[in-house]
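Secondary and tertiary structure notes
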Amino acid sequence: MPEQLIWGMEVFLNGLMAGVLYALVALGFVLIFKASGIFNYAQGVMALFAALTLVGIMEGQVPFSHLINAIFGTEVHHFGWHVPALLAILLTMVVMVAMAWVVNQLIFRHLVNQEPIILFMATIGLAYFLEGFGDMMWGSDIKKLDVGLPQGLNPFIDEVTYNIFGYGFFIDNLDVVATVVAALLVIVLVIFAQYSKQGRAMRAVADDHQAALSVGISLNFIWVMVWSLAGFVALVAGIMWGTKSGVQFSLSLIALKALPVLMLGGFTSIPGAIVGGLIIGVGEKVFEFAIGAPYLGGATEIWFAYVLALIFLVFRPQGLFGEKIIERV
Amino acid sequence: MKLKLATAAIAAVMAAGPALADLTFSALSYRTGPYAANGIPFADGYIDYFTLLNERDGGINGEKVNIVECETGYNTEKGVECYESTKGSGALVYQPLSTGITYQLIPKVTSDNIPLHSMGYGRTSAKNGKVFTNIFNYPANYWDGASHAVTHILDINGGDISGKKIALVYHNSAYGKEPIRTLEELAKKHGYELTLLPVDHPGQEQKSQWLQIRREKPDYVLMWGWGVMNQVAVQEAVNIRFPMENFIGIWWSGSENDVLPAGDGANGYKALTFHNLGSDYPFYADLKKYVVDTGKTAGAGDQLGTALYNRGMYAAMLAAEAAKTAQDMHGTTAITPAMMRDGMENLEMTEAKMAALGLPKFGPEFKVSCENHGGDGFGAVAQWDAAAKEWNLITDYFQSDQEILAPLIAEDSAAYAAENGITPGC
């Protein structure tokens, strides 16, 4: 088999894995949009905040320590304990649920039935506030996140592909874990949205706030639930990306990776986020390998992802799996 | 009532502003945003150095130092705003710690006759003082760095690297592209094959670049990165099991932040530097006594001895020494920015001077002149010890290849002079 083809297959597989990581971020956007029609600009910052909180809890860091020390002249930084990863993840989830409740109570409860652009603007404000709040709470240094996920070359895939092609493929163990986690997440979320009482209520709220209220659905409960779910997805994305690069403020920029995925997969489809992520991941990696690096000087991935999404958008504006909205005059 | 209000306002302004006799130094810092993790240690080191001078020596030759800090967020527009809003304070020199901000400030500081020091960043050809009268980039610049990396590779290969493959992983921006021309010229001279691998901002996803490295198996990888790009690159290199001792970053890819997230895998990674590392200096004892123990640190006091803290300290040291030179030259302790420029242009750093400051061998020896605002291009190589979690210098300071660099600097600065109607001269 030609060398280029074998390498292309490796790139394709890595594209699929990268796509799963993009989809993890996109899922959070989809959940909130599906239930409330809000394009949550703060989703990337939520991933950052969740990851910061997780590391802070694991390391026993005193929240707001810089502030406390500056005001009271103390020198407190750590409680002196280390919390096991699983317990820390659970505690972080409690924080994310609390955050969802506060966000709903202070912001979105007051914006029911407002124009989507108003809701969008509110999430921009939330994003900047949350970034500053996270900075103040946990500090802005880069933190190593280790919840026990494996990283580096997967020796099994390396060996199998070497035996077949005479060239061992590189697949990152972390990407394999991310794929399994994303698959489980999608299955659980789809079952929840389609078959549970709360899931159906969530979809009803998404269709029409007023109508949902009139049949006794608690809008507050649904929104808190959805923001909590998005917080959970943000935590998962934060763990995966934070393990790769350390937990730092650039983590919030992973939202940029989700936008072409959403354009392609649609804003309302959970499977769409996954399929969109895979198409973007494979598309950008294969393009970079076949055309970008050899002919265009490289670094084509970011813009090509958007070109790919735009091409899909031209032919299917609602995205691959998005709901077609027909407004009759 | 109006009189009372006016008096109160004047009193408030006088209390808030620096005393007129103070020497004011600006600190365009970034303690917030995606690059805060790098901005904080530099700013802390810079300010703590001056705090020590104030607390221990009563300032510089009896003149208290006043620091005017302004948050840029590593944003060029905010950086320019900071400059405009602080230049009235009489700031003697600007050090923006950003190539983008530096480029914007070059014409402004020149017209305002305020010196700007872009140490190891900014416009490389600003080394030519005949064109860039107010810009200084001593002791080393990006092109020096590119040459240092190649010289180091030459040294470990017995002086022959013909046929070797060197890949450059770089931030796809003006900053990241800086070393390309130098590396291409050096490739012609030494016969190595250069592969260019750009990484788009911010650099969180580099799978394509590292798969290419895994396929093409370059002998050495150089990196011009910043922020998250560095941490991801080091982790990806670990993942593909690239020999870390053959992976060399520029000084902006050589802080603890860049290697700690990758854990033990980062052991052996190398980075260039133009100053020394660690805290094993007599100066640090004074710093602890007069600044740390008295609670006067600029930040939380948790950055002492890190690579970027030392860099901030080094920047302050060079600024303070230039101020002393200016005071001697002009026979006054109350110097102006124009006098400070003269001091910078006549700065000479010797080992005796650094040892007297309690920082022996902290930086290379160099001499600035009207023609040469960039020093002599000396740098060194540091290596990360993951077990001890510390950087160690593994070479002495050595000079960049001036035979290659001098014509490049002359060419680029001449183009700038032509574009801007500048008549070069001293």
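Residues numbered from 1 in each chain as written. Chains lettered and ligands numbered in written order. Predicted model: local features only at pLDDT ≥ 70, side-chain atom pairs only at ≥ 80, totals over all residues. Heavy atoms only, no water.

**Describing the overall build of chain A**
- Helix and strand counts for chain A come out as 13 helices and zero strands.
- If you list the helices and strands of chain A from N to C, you get α-α-α-α-α-α-α-α-α-α-α-α-α.
- Reported as C-alpha extents along the three principal axes, the dimensions of chain A are approximately 65 × 60 × 35 Å.
- Within chain A, the proportion of its 329 residues that are buried is 54%.
- Carbon and sulfur atoms form 70% of the exposed surface of chain A, whose accessible area is close to 14500 Å².
- Across chain A, the centroid of the 13 positively charged side chains sits 14 Å from that of the 20 negatively charged ones. (Helix = DSSP H or I, 4+ residues; strand = E, 2+ residues; numbered from the N terminus. Buried < 20%, exposed > 50% of the residue type's maximum accessible area, 1.4 Å probe, protein only. Areas by Shrake-Rupley, 256 points an atom, 1.4 Å probe, with all protein chains shown as cover. Lys, Arg positive; Asp, Glu negative; His and termini not counted. Charge placed at Lys NZ, Arg CZ, Asp CG, Glu CD.)

**So, the UniProt feature "transmembrane region" (unreviewed entry) in chain A**
Residue and element names in this part refer to chain A.
- Following the UniProt record, the feature "transmembrane region" (unreviewed entry) maps to residues 12–33, 45–64, 84–104, 116–134, 176–196, 217–241, 261–283 and 295–315 here.
- With 95% helix and 0% strand, residues 176–196 has end C-alpha atoms that lie 29 Å from one another.
- End-to-end, the C-alpha atoms of residues 217–241 are 36 Å apart, and along that stretch the chain is 92% helix and 0% strand. (UniProt positions renumbered as here; feature names shortened; annotations may be inferred.)

**Topic: the side chain of Glu205 of chain B**
- Tracing the backbone shows Glu205 of chain B in the loop between β6 (193–199) and α8 (207–216).
- Only 3.2 Å separates the side chain of Glu205 of chain B from the side chain of Lys285 of chain A, close enough to count as a polar contact.
- Residues within four places of Glu205 of chain B in sequence aside, it is in contact with Ala18, Tyr22, Trp241, Lys244, Lys257 and Lys285 of chain A. (Polar contact = N/O pair within 3.5 Å; in protein donor to acceptor, adjacent residues only side chain to side chain. Contact = heavy atoms within 4.5 Å.)

**Describing the packing of aromatic side chains**
All names here are of chain B.
- Throughout the structure, instances matching the rule amount to 45 aromatic pairs over all chains.
- Taken together, a centroid distance of 6.0 Å and an interplanar angle of 50 degrees make the contact between Tyr74 and Trp226 tilted. On the criterion of sequence distance, the pair formed by Tyr74 in the loop between β2 (65–71) and α3 (76–86) and Trp226 in the loop between β7 (220–224) and α9 (228–239) is long-range, its members being 152 residues apart.
- For Tyr74, a relative accessible area of 25% corresponds to the partly exposed category.
- Since its relative accessible area comes to 8%, Trp226 is described here as buried. (Phe/Tyr/Trp six-rings, centres within 6.5 Å; stacked < 30°, edge-to-face > 60°.)

**Description of the state of the cysteines**
Residues and elements named next belong to chain B.
- What the rule picks out here adds up to two disulfides over all chains.
- Between the sulfur atoms of Cys70 and its disulfide mate Cys82 the distance is 2.0 Å. Residues Cys70 and Cys82 share a disulfide whose torsion about the S-S bond is about -75 degrees; that sign makes it left-handed. Taken together, the positions of Cys70 in strand β2 and Cys82 in helix α3 put the pair 12 residues apart, joining distant regions of the chain. Accessibility classification places Cys70 together with Cys82 in one group, the buried group.
- Here Cys370 pairs with Cys426 through a disulfide, and the sulfurs are 2.0 Å apart. (Disulfide = S-S within 2.5 Å.)

**Some remarks on the pairing of β2 of chain B**
All names here are of chain B.
- Relative to β2, strand β1 (residues 23–29) is paired through seven bridges, and the arrangement is parallel. Looking at β2, one finds that Ser29 is bridged to Glu71.
- What joins β1 to β2 is helix α2 (residues 36–57), and the crossover it makes is right-handed. (Pairing = 2+ DSSP bridges. Right-handed = clockwise from strand over helix to strand, strands pointing away.)

**Topic: the pattern of salt bridges**
- All told, the structure shown has 29 salt bridges over all chains when counted by the stated rule.
- Between Lys143 of chain A and Asp141 of chain A there is a salt bridge, with its nearest N and O atoms 3.0 Å apart.
- One salt bridge in this structure joins Lys189 of chain B and Asp401 of chain B, with 2.6 Å as the shortest N-O distance. Residue Lys189 of chain B is located in helix α7 (residues 180–190), and its partner Asp401 of chain B is located in the loop between β14 (398–399) and α15 (402–420); the two are separated by 212 residues in the primary sequence.
- Of the residues examined, Asp401 of chain B reaches a relative accessible area of 14% and is grouped as buried. (Salt bridge = Lys/Arg side-chain N within 4 Å of Asp/Glu carboxyl O.)

**Some remarks on the interface of chain A and chain B**
- Taken together, the contact pairs 42 residues of chain A with 37 residues of chain B.
- Counting the surface lost from both chain A and chain B, the interface buries some 3200 Å², and carbon and sulfur atoms represent 55% of this.
- Here Lys244 of chain A makes a salt bridge to Glu205 of chain B, at a shortest N to O gap of 3.9 Å.
- Elements that contribute at least two residues to the side of chain A that touches chain B include exactly α1 (3–36), α10 (219–245), α12 (270–295) and α13 (301–315) of chain A.
- For the side of chain A that touches chain B, the element with the highest residue contribution is α1 of chain A, accounting for six residues.
- Tallied by class, residues from the side of chain A that touches chain B come to 18 nonpolar, 12 polar and 12 charged. (Buried area = accessible area lost by both parts, 1.4 Å probe. Nonpolar A, V, L, I, M, F, W, Y, C, P; charged D, E, K, R; others polar.)

**Observations regarding the domain arrangement of chain B**
Residue and element names in this part refer to chain B.
- Per the domain assignment, the segments making up chain B are domain 1 (2–140 + 278–375) and domain 2 (142–273).
- Across the contact, 20 residues belong to domain 1 and 15 residues belong to domain 2.
- Where domain 1 abuts domain 2, roughly 1600 Å² becomes buried across the two surfaces, and 54% of that area is made up of carbon and sulfur atoms.
- If you sort the residues of domain 1 by the area they bury against domain 2, Tyr35, Thr124 and Arg311 come out on top, with a joint share of 33%.
- Linking domain 1 with domain 2 are zero salt bridges, by the criterion used here.
- Across the contact surface, domain 1 and domain 2 share 11 residue pairs in polar contact (both at pLDDT 80 or more).
- Elements supplying a minimum of two residues to the side of domain 1 that touches domain 2: α2, α4 (99–112) and α12 (307–330).
- Here the side of domain 1 that touches domain 2 takes three residues from α12, the largest share from any one element.
- Residues belonging to the side of domain 1 that touches domain 2 are distributed by class as follows: 12 nonpolar, seven polar and one charged. (Domains from an automatic or database assignment.)

**A closer look at the environment of Ala47 of chain A**
Residues and elements named next belong to chain A.
- For Ala47, the position within the fold is in helix α2 (residues 43–58).
- Accessibility expressed as a relative area gives 2% for Ala47, which makes it buried.
- Look past the residues within four positions of Ala47 in its chain and what remains in contact with it is Ala234, Gly238, Leu251 and Ile254.

**A word on α9 of chain B**
Residues and elements named next belong to chain B.
- Helix length check: α9 (12 residues) gives 16 Å between terminal C-alpha atoms against 16 Å at 1.5 Å per residue, within 8%.
- A large share of α9 lies buried, amounting to 11 of its 12 residues.
- Turning to α9, its buried residues are Val228, Met229, Asn230, Gln231, Val232, Ala233, Val234, Gln235, Glu236, Ala237 and Asn239.
- One or two residues past the end of α9 sits Arg241, with phi positive at roughly 60 degrees. (Expected span 1.5 Å × (residues − 1).)

**What about the side chain of Asp48 of chain B?**
All names here are of chain B.
- Considering the arrangement of structural elements, one finds Asp48 in helix α2.
- Buried charge without a partner: Asp48 forms no salt bridge, and the closest opposite charge is Arg31, 7.1 Å away.
- Separated by 2.7 Å, the side chain of Asp48 and the backbone nitrogen of Ala298 make a polar contact.
- Among the polar contacts made by the side chain of Asp48, one reaches the side chain of Tyr309 at a distance of 2.7 Å.
- For Asp48, the contacting residues outside a window of four places in its chain are Leu287, Val291, Lys296, Thr297, Ala298 and Tyr309.

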